[in-house]
Amino acid sequence: MSTRLRAWLFVAPATLLVFVFLGLPVLATFLTTFGDPKGPFSTYAAFFNSKFRMTVLWRTMEVALITTIISVAIGFVTAWVVARAPSRLKSLLIIAAVFPLLTGVVVRSFAWLVILGKNGILNSFLLKIGVISEPLSMLYTQGSVIVAMVYLFVPLMILTLVGVLEGIPQDMTDAAASLGATPAATFRQVVLPMAVPGLIVGSVLVFTGSFTSYATPQLLGGERQMMMGTFLYQRAMVTFDWVGASTIAAVMVVVTLTTVLVMSKVARKLNPVAG
Amino acid sequence: MTQSLTLENITAHYGTTKVLEDLSLHIAEGELVSLLGSSGCGKTTTLRLVAGFLEPTSGAIRLGARDLTRLPAHSRDIGLVFQTYALFPHLTVRDNVGFGLKQRKIGGAERTRRVDEMIERVGLGALADRHPANLSGGQRQRVALARALVIDPPLLMFDEPLSNLDAKLRVDMRVEIRRLQQANGTTALYVTHDQEEAFSISDRVAIMKGGRIMQLDTPEVLYSRPANAFVADFVGFDNMVDMRVISDMGESVTAEMDGGAQIVLPKSQFTVPGKKFIFAARPDGLLVSAAPGAEGIPATLGLRTYIGRAYQYTCETPGGSVAANGPLSAPLESGANVTLVPQPEQCCLLPAE
Amino acid sequence: MKHRIHPLLIAATVVTFLFLLGPLVVIIGAALSDTSFLTFPPQGLTLRWFSNIFEISAFTRTMGTSFMLAVGGTTLSMLIGIPAAYAMARYRVELPAFLGNVFVLPILIPEIVLGFSLMKSLAAGIGLPIMAALLIGHALLVLPYTVRVVGASLNSFDFSIEEAAVSLGCPRLKAFFIVVLPNIRAGIIAGFILAFITSLNDVSISIFLTGPGVSTLPIQLLAHMEQFFDPTIASVSVLLMGVTVAVMAVVERTLGLTFLTK
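Residues numbered from 1 in each chain as written. Chains lettered and ligands numbered in written order. Predicted model: local features only at pLDDT ≥ 70, side-chain atom pairs only at ≥ 80, totals over all residues. Heavy atoms only, no water.

Novice: Looking at this structure, I do not really get the packing of aromatic side chains. What am I missing?
Specialist: Given two aromatic rings, their pairing is described by the distance between the two centres and the angle made by the two planes. Across all of its chains, the model carries 26 aromatic pairs over all chains by this definition. For the ring pair Phe158 of chain B and Tyr190 of chain B, a centre distance of 5.4 Å and an interplane angle of 35° mean the geometry is tilted. Linking Phe158 of chain B in strand β7 (residues 155-159) with Tyr190 of chain B in strand β8 (residues 187-192), this pair joins segments that are 32 residues apart in sequence. Per residue, the accessibility class of Phe158 of chain B equals that of Tyr190 of chain B, and both read buried. Pairing Phe157 of chain C with Phe159 of chain C gives two aromatic rings, centres 5.1 Å apart and planes at 85°, and the pair type is edge-to-face. A relative accessible area of 9% means that Phe157 of chain C is categorised as buried. Residue classification places Phe159 of chain C among the buried residues on the basis of a relative accessible area of 15%. A connected cluster of aromatic rings, assembled from ring pairs, spans Phe10 of chain A together with Tyr86, Tyr91, Phe157, Phe159, Phe176 and Phe177 of chain C. Taking the ring centre of Phe88 of chain B as reference, the NZ or CZ of Arg147 of chain B above it sits at 4.9 Å. Of note, Arg282 of chain B hangs over the ring of Tyr223 of chain B, and the distance from its end group to the ring centre comes to 3.8 Å. (Phe/Tyr/Trp six-rings, centres within 6.5 Å; stacked < 30°, edge-to-face > 60°. Helix = DSSP H or I, 4+ residues; strand = E, 2+ residues; numbered from the N terminus. Buried < 20%, exposed > 50% of the residue type's maximum accessible area, 1.4 Å probe, protein only. Lys NZ or Arg CZ within 6 Å of the ring centre and 35° of its normal.)

Written out as structure tokens, the structure reads:
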């Protein structure tokens, strides 16, 4: 048996699984959107002309973008400290970040339901200390969705950035100092540029993750804060409008893939040496 | 604007482990001094203390009249070449070299001129716009050198700068380093574990062990007159035999080793350091002789190996096993009884320890 | 000794970790509270919400389904993922580079789109039984993890060891089992367990594929949360957190948790 044939035999089952059960169904979803009797692009025309659908799309983009920005800010500071912590403490902190990451989305979103609810602990606390006289309705707002999303994705950002920051050799920062760079200058001129690829990877993960999330907007946003994920589910499983749902799915795929492609291009531009 | 470097009674700890003990060192203006020793001897720690990456527990570091001891690393104005080169991967050769000038707020035409001049001087003119990833090891080394030199520092430091290069390039680069250092007359501290490198490049060498300097002197003195057994072993005195003086008369001293064999040491060539001492010899310093009247240490030959310029024998003497060389013209067989004749220029006497 | 960190940054980090772990503590507190509504700090301690889990058949049934699905889906993806990862590492020259991207596709395509598409094609289209569709969906979902984690340990595997075994007269297939597999055991275990927890927690794919009579635990929880609001949900969540702890212990013992920062 030739080596090439053997190699292909080994990868064949996995490749087939992906092509048959991911490639074809997703392709079918795409094709559905062009099969409308009113013309091949009528579903997209309908999507982009519908004020409601565009509101959902923009809201989802907005939530994903805000989530990404907050996660980068929190994640970078935390990762910076974690990467510099003594090794014992560092392992503990990494464990503390991995634990929520490996805990399910439902459980983690549920926690915020308990905290932000009408009778939740934040309201009872605020009532008790007298800041408010009646409970605030914090659930089913954009804010509650963003808080839970940030909660969902900060660990991912921390872990990505810890890896990147640890990958910057101490010699680099020492070299900068020996050449006269103050700690602030070292951070700006050496650490930050070298962390850019990691920041981009982390941001892409968080943006696409929050853009396509389902459970969190479902639990904390509800009908009022419909996002692309919940919208897709509603169209597919509640109103059984599969063409409409397929259009939403296609838009999600396009946005996700565009983000990935554009950002990896940006990364390559900002960091011409990587690769 | 070169300056002398002074380390005064430096003691340093990593956590609770003492890594340097009461170390003092003075490097004169324009002098190149190497710290030589195996890993863990404290040579890199010393360099990092001077650079400001570590703080000493006690003691003082001075550059010229300036006290560096508590100064942050970025205010010390020292050119440092790292073992890993530590080139900034996101910057071009030009920006790497210009980094230090940028920090000193030297901009515009002057920066361009100095950077280009320095890049030219290290022979990288054609590669100025490349990134470090696209350079060879030797080229990276040159960028690291240019980056440290362009800031015109009063002190240059090198942390095993050649250990990542292949043998041929290492020799070229150390000549290059010496040339550039002497051209500027910059004071330099050079850390290495390679004896040949240290000896070839330095005005003086400090041989270190366990956080202390065992001997600090010119390469010539270290090579021929080590001060103690550690340094002697380091510079190739493979054979060391304990001796005691039994008579000291006129022109020579007679000494005896364990097992009773005696040697006669002419005072014109040996200075006996005490009643008891160590006789140290390189294999070349003990000539294997089968001639009947030869004077020296009686020995029985063991295994013979060919080392190019001579045959080397393992020899059993009354004082223990030693390695000695014999001429290529007369190979001897294992078991032969011979005399090992000391060759004074490859032998030395050390104080007993 | 040097490189001190600004106290403000340390304070910010402390706040971040309180933010990360606080909500999980809230859940544990709520699960132990002796009240019939969710509250924190707990008022009186009880374990009755844990025993209550087993009174609700929807929970016990979906727990079983989720467990079987996670084991089944992961095993399936391992069976096809290990040979793929092996070939990708071993036959780098013979295989086109884009194949590596093929196995990452399930990450690139939004899960919820995959779930919807599978529902449309498999469940509705060719009428595949719910459990079979779920199994395929979950195997796809975790395939990137198995290929990547196993691949990582294969990348540090020295294939000359395998050649040594073959040169000593060991047949190739046997060499794979007695030389390669034992040396990438850590990667396989870690990959399995990470895939397992991913499958166990999945919502976006399962939400489309579960149907009458067959549901998974996260989907059941989601449904329960929208209707009831009692501490049983909290106690199920605590059980799931327990599974996470076990998973982390296994990963720590095999590849080390710092693997996840790479």
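Additional details are given in the paragraphs that follow.
Novice: Would you mind going over the packing of helix α5 (residues 105-116) of chain A against helix α6 (residues 121-128) of chain A with me for this structure?
Specialist: Describing two packed helices takes the angle between their axes plus the distance from one axis to the other. All names here are of chain A. Here α5 crosses α6 at 25°, and the two axes come no closer than 4 Å. With respect to α6, the element α5 is oriented roughly parallel. Taking contact as the criterion, the partners of Val114, Ile115 and Leu116 in α5 are, on α6, Ile121, Leu122 and Asn123. Counted by class, the contact of α5 with α6 contains five nonpolar, one polar and no charged residues. (Axes fitted to C-alpha atoms, helices over the stretch in contact; angles between N-to-C directions. Parallel < 35°, antiparallel > 145°, perpendicular 65-115°, else oblique. Contact = heavy atoms within 4.5 Å. Nonpolar A, V, L, I, M, F, W, Y, C, P; charged D, E, K, R; others polar.)

Novice: Is there a simple way to think about the interface of chain B and chain A in this case?
Specialist: A common way to state how big an interface is: give the accessible area lost once the parts meet. Contacts between the two partners involve 22 residues from chain B, matched on the other side by 20 residues from chain A. Between chain B and chain A, roughly 1,900 Å² of surface is buried when both sides are summed, and carbon and sulfur atoms account for 66% of that area. On inspection of chain B and its partner chain A, the count reaches one salt bridge. As a salt-bridge pair, Asp174 of chain A and Arg48 of chain B come within 2.9 Å of each other at their nearest N and O atoms. Remark: the boundary between chain B and chain A carries five residue pairs in polar contact (both at pLDDT 80 or more). Residue assignment for the side of chain B that touches chain A shows that the elements contributing at least two residues are β6 (78-81) and α2 (93-103) of chain B. Top element by residues in the side of chain B that touches chain A is α2 of chain B. It accounts for four residues. Residue classes in the side of chain B that touches chain A are distributed as 12 nonpolar, six polar and four charged. (Buried area = accessible area lost by both parts, 1.4 Å probe. Salt bridge = Lys/Arg side-chain N within 4 Å of Asp/Glu carboxyl O. Polar contact = N/O pair within 3.5 Å; in protein donor to acceptor, adjacent residues only side chain to side chain.)

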